[in-house]
Amino acid sequence: MNRLIFLSLLLCLQLSGVCSKAQMTGNWGDQGNGTYVNPVLPADYSDLDAIRVGDDYYAISSTMQFSPGMVVLHSKDLINWEIAGHVVDDLTRISPQLNWDRMNSYGRGIWAGSIRYYNNKFWVYFGTPDDGFFMSSATNPAGPWEPVHHLWSVSGWDDCCSFCDDDGQLYFIATNFAVDPKNNKKYNIHLFRMTPDGKRLIMESDSIIHQSNGSEANKLYKINGLYYHYFSEVKPEGRVIMMARSKNIYGPWETRQLNHVDPKMDREPNQGGLLQAPAGKWYFLTHHGSGGWEGRPASLLPVSWINGWPVIGKPDADTIGRMVWSGPKPISDKRKISIQSSDEFDTGKLNVQWEWNYQPRAGKWSLTARKGYLRLYAFTPVSARKQASVILRAGNTLTQRSMRTPNNTATVRIDVSHMADGQFSGLTHFSTTSYSLFGIKQENGIRTLVYDNNGKDTSGITISGESVWLRSTWGTEGISQYAFSTDGKTFKTVENTYQLTWGSYRGDRIGIFNFNTREDNGYVDIAWFRYDYRK
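Note on numbering: residues in each chain are counted from 1, in written sequence order. pLDDT decides what is reported in this predicted model: residues at 70 or higher carry local features, side-chain atom pairs at 80 or more are listed and counted, and totals for whole chains, interfaces and linings draw on all residues regardless. Based on all heavy atoms of the structure, the side-chain values leave hydrogens and waters out of the count.

Chemist: How should I be thinking about the overall build of the chain in this particular structure?
Modeler: In this description a helix means any DSSP run of H or I spanning at least four residues, a strand means any run of E spanning at least two, and both kinds are numbered starting from the N terminus. Assigned secondary structure in the chain consists of three helices and 41 strands. Atoms considered for the radius of gyration are the C-alpha atoms alone. The globule rule reads 2.2 Å times the number of residues to the power 0.38. Here the chain has a C-alpha radius of gyration of 24 Å; the compact-globule value for 535 residues is 24 Å, and the two agree. Dimensions of the chain along its principal axes, counting C-alpha atoms only, are 75 × 55 × 45 Å. For the chain, the residues scored as buried account for 60% of the 535 residues in total. Counting only contacts in the chain whose residues sit at least 6 apart along the sequence, the fraction spanning at least 24 positions is 57%. Only protein chains enter the accessibility calculation, which uses a 1.4 Å probe. A residue is then buried if its area is under 20% of the maximum for its type, exposed if over 50%, and partly exposed in between. Contacts between residues were defined by any pair of non-hydrogen atoms, one from each residue, lying within 4.5 Å.

Chemist: Even after reading the chapter, I still don't get the environment of F163, so can you show me in this structure?
Modeler: Mapped onto the fold, F163 is located in strand β12 (residues 157–164). According to the relative accessible area criterion, F163 is buried, its value standing at 7%. For the pair formed by F163 and L220, sequence separation is 57 residues and the distance between their alpha carbons is 6.2 Å. Residues in contact with F163, not counting those within four places in the same chain, are Q169, L170, Y171, L220, Y221, K222, Y227 and I249.

Chemist: Honestly, the pattern of salt bridges in this entry has me stumped. Any pointers?
Modeler: A side chain with one charge may pair with a side chain of the opposite charge, provided their charged atoms come close. Put simply, a salt bridge is a Lys or Arg side-chain nitrogen that is within 4 Å of an Asp or Glu carboxyl oxygen. Across all of its chains, the model carries 28 salt bridges by this definition. E82 is the partner of R335 in a salt bridge, and the nearest nitrogen-oxygen pair spans 3.8 Å. Taken together, the residues span a long stretch of sequence, with R335 in the loop between β26 (326–328) and β27 (355–357) and E82 in strand β7 (residues 81–88) at a distance of 253 residues. Residue R335 is classed as partly exposed on the basis of its relative accessible area, which comes to 41%.

Chemist: Help me understand the pairing of strand β21 (residues 282–288) in this model?
Modeler: Across a regular strand the side chains alternate sides, sitting on one face of the sheet and then on the other. Judged by how many residues are buried, β21 sits mostly within the fold: seven of seven residues are covered. The alternating pattern of β21 places W282, F284, T286 and H288 on one face and Y283, L285 and H287 on the opposite face, and all of these are buried. Strands qualify as paired when DSSP identifies two bridges or more between them. Summarising the sheet, strand β20 (residues 269–276) and β21 pair through seven bridges and their orientation is antiparallel. From the neighbouring strand, Q271 faces β21, where its bridge partner is H287. Sheet topology places β21 next to strand β22 (residues 298–306); six bridges connect them, and they run antiparallel. If you follow T286 over to β22, its bridge partner there is S299.

Chemist: Please explain the packing of aromatic side chains as it appears in this structure.
Modeler: Two measures describe an aromatic ring pair: the distance that separates the ring centres and the angle between the ring planes. Note on aromatic pairs: the rings of Phe, Tyr and Trp (six-membered ring only in Trp) are paired at centre separations within 6.5 Å, and the planes decide the class, stacked below 30 degrees, edge-to-face beyond 60, tilted for the rest. On inspection of all chains with the given rule, the structure shows 35 aromatic pairs. Summarising the aromatic geometry, the rings of F424 and F513 are spaced 4.9 Å apart at their centres and angled 80 degrees between planes, so their arrangement reads as edge-to-face. Residue F424 is found in strand β32 (residues 423–430), and its partner F513 is found in strand β40 (residues 509–516); the two are separated by 89 residues along the sequence. Here F424 and F513 have matching classes, each one buried.

Chemist: Please explain the side chain of N218 as it appears in this structure.
Modeler: Along the chain, N218 falls in strand β16 (residues 216–223). By the criterion applied in these results, polar contacts are pairs of N or O atoms within 3.5 Å in which, for protein atoms, one can donate a hydrogen and the other can accept it, and in which residues neighboring in sequence qualify only through two side-chain atoms. For N218, the side chain forms a polar contact with the side chain of H229, separated by 2.9 Å. In contact with N218, other than residues within four places in its own chain, are D158, D159, C160, C161, I173, A174, T175, I189, H229, Y230 and F231.

Chemist: I'm lost on the sheet that holds strand β13 (residues 170–176) in this one. Help?
Modeler: The strands making up a sheet associate through backbone hydrogen bonding, with each pair oriented either parallel or antiparallel. The antiparallel open sheet is built from four strands, whose spatial order is β12-β13-β14-β15. Of all strands in the sheet, those with a lone pairing partner are β12 and β15 (201–211), marking the two edges. On average, each strand axis in the sheet is inclined to that of its neighbour by 25 degrees, with strand direction left out of account. Here six bridges tie β12 to β13, and the two strands are oriented antiparallel to one another. Comment: axis = line fitted to C-alpha atoms, over the contacting stretch for helices; angle = value between 0 and 180 degrees taken between N-to-C directions.

Chemist: Is there a simple way to think about the confidence of the model for the chain in this case?
Modeler: Note that predicted coordinates carrying low pLDDT should not be read in detail. Every residue is assigned a pLDDT by the predictor, reflecting its confidence on a scale from 0 to 100. With 95% of its residues at a pLDDT of 70 or more, the chain has an overall mean of 94. Counted against residues more than four places away or in other chains, residues 1–22, with its pLDDT under 50, gives 23 contacts.

Chemist: When you look at the sheet that holds β7 in this model, what are you seeing that I'm missing?
Modeler: Reading across the sheet, the four strands line up as β3-β4-β6-β7 and stay open at both edges, with antiparallel pairing between neighbours. Looking at which strands have only one partner, the edges of the open sheet turn out to be β3 (49–53) and β7. Going across the sheet, the axis of each strand differs from the next one's by a mean of 25 degrees, ignoring polarity. Of the pairings in the sheet, the one linking β3 to strand β4 (residues 56–61) comprises five bridges and is antiparallel in character. For D49, the partnering residue across the bridge sits in β4 and is I60.

Chemist: Would you mind showing me how to read the environment of R447 here?
Modeler: In this structure, R447 sits in strand β34 (residues 446–453). Residue R447 is classed as buried on the basis of its relative accessible area of 14%. Here the alpha-carbon distance between R447 and G465, two residues 18 residues apart in the chain, equals 9.5 Å. Sequence-distant contacts of R447, that is, excluding residues within four places in its chain, are made with V416, S417, M419, I440, K441, Q442, I461, T462, I463, S464 and G465.

Chemist: Which parts of the structure should I look at to understand the nonpolar core?
Modeler: When a protein is soluble and globular, its nonpolar side chains tend to lie buried together. Here, the term nonpolar core denotes a set of buried Ala, Val, Leu, Ile, Met, Phe, Trp, Tyr and Cys residues that are joined through side-chain atoms within 4.5 Å. By size, the foremost hydrophobic cluster in this structure holds 59 residues, and its most contacted members are W81 and F529. At four residues, strand β41 (residues 523–532) tops the list of elements feeding residues into this core. What F529 contacts, discounting residues up to four positions off in sequence, is S341, S342, D343, F345, W354, Q400, A410, T411, V412, L427, I510 and I512. Counting 35 residues, the second-largest nonpolar core is a separate cluster that includes Y58, F66, I110 and F134.

Given below as structure tokens:
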């Protein structure tokens, strides 16, 4: 970046607070001085919804094909978040296509949903584009959640939300993005009543309450006696936030645009949840709909009520909001929490940040076979003879989100002494558009360091010891530099870098891989995984 561009960006930030290039490649979150900078979650926390229960805030985010599914987040101040758990522990309850032996649903799986609290329970509803809608409930948002229940088997629908009215009647709202037989149009938003247990739609109650270009991202609220239907739609400027309000849940509805967007500058904040802080001020936790290499990060925007409308961001002269990149923290809370990232594998269960790529194969991983280690048994990928993008077909790849912060260092220590011929194990970055594998490959009893960058292998030294340390470092531009060590002290950097990428609605994932292209044979023991993104 030359000096002129830098000064222009800096001036843009100072004058208007809407310069995403400066913000998305720099500071983020809690500043430690009573203020915050967006994004508050600089990683792939897409399709958000959020609620307040007492003095706690909870959010959910879609997970597509990753397992466990539908991550649940927790915060005390709306700025600092931690992972509480996941809603879906077995993706095969949704579809067999999400299992380790299929692995063919990239960009599908668990899409957007809603989280609500009523009847002394947390309720999560979500959809998949192929299998329909599902729900679960729990008394504790960290779990356990009830086994996921199939609400309605249908395809071509998305972005659902449940709603409990003052009289206890349950409603369900969702978008049919396919051509609707009722009016031969796409993106019709339907409203249903539900049975008292929330597990069945009353189909004869179906009513279309809205249709517009790309209308989805539905949420329902009741505020000061009025019903508010939140959704987004596509206008010439991009995907914008809309709101409809009515005295009756079936309408007539009065509709208004709530924000302006500039996809190049603000990356279209457009899906999330309205929240009221204890002091009475309102906020909107949202994802940025235009994906970068890290995915769709999350920001917190102030809400200004103008003539009974919750305008999101800083209101312009037309009383429509724009992106806000910084502000005072909504709540003063000294508790230090953050998104978990490291794991010593010594607690008897995986830490909550981990998500397998597809439902893992039972019996092929263990935290008890060797105390204080994660054991990964190698088996053949799906369609093992295919050469391209093997990581997308290799089961039991353990992943977490890559953060877009200035300094990231992820290091793993692996015991490779029980590998077998044909086995390859190590550290990976991947999306559906590109991948890199950095690890140890064994052939003819010889273990060699190998760097695979999108199918181009570079072999390094022979590894004779029991353990190897593998490391990836990257910054806000998403350029990963791998390094290795044979003693855990001195690391040697690999010359060629790797650009992290976005694909199929998902940002880059960092993970631990282990597969064997010949047979189900060999294993590695993972001593620890240490990932620091907060330097």
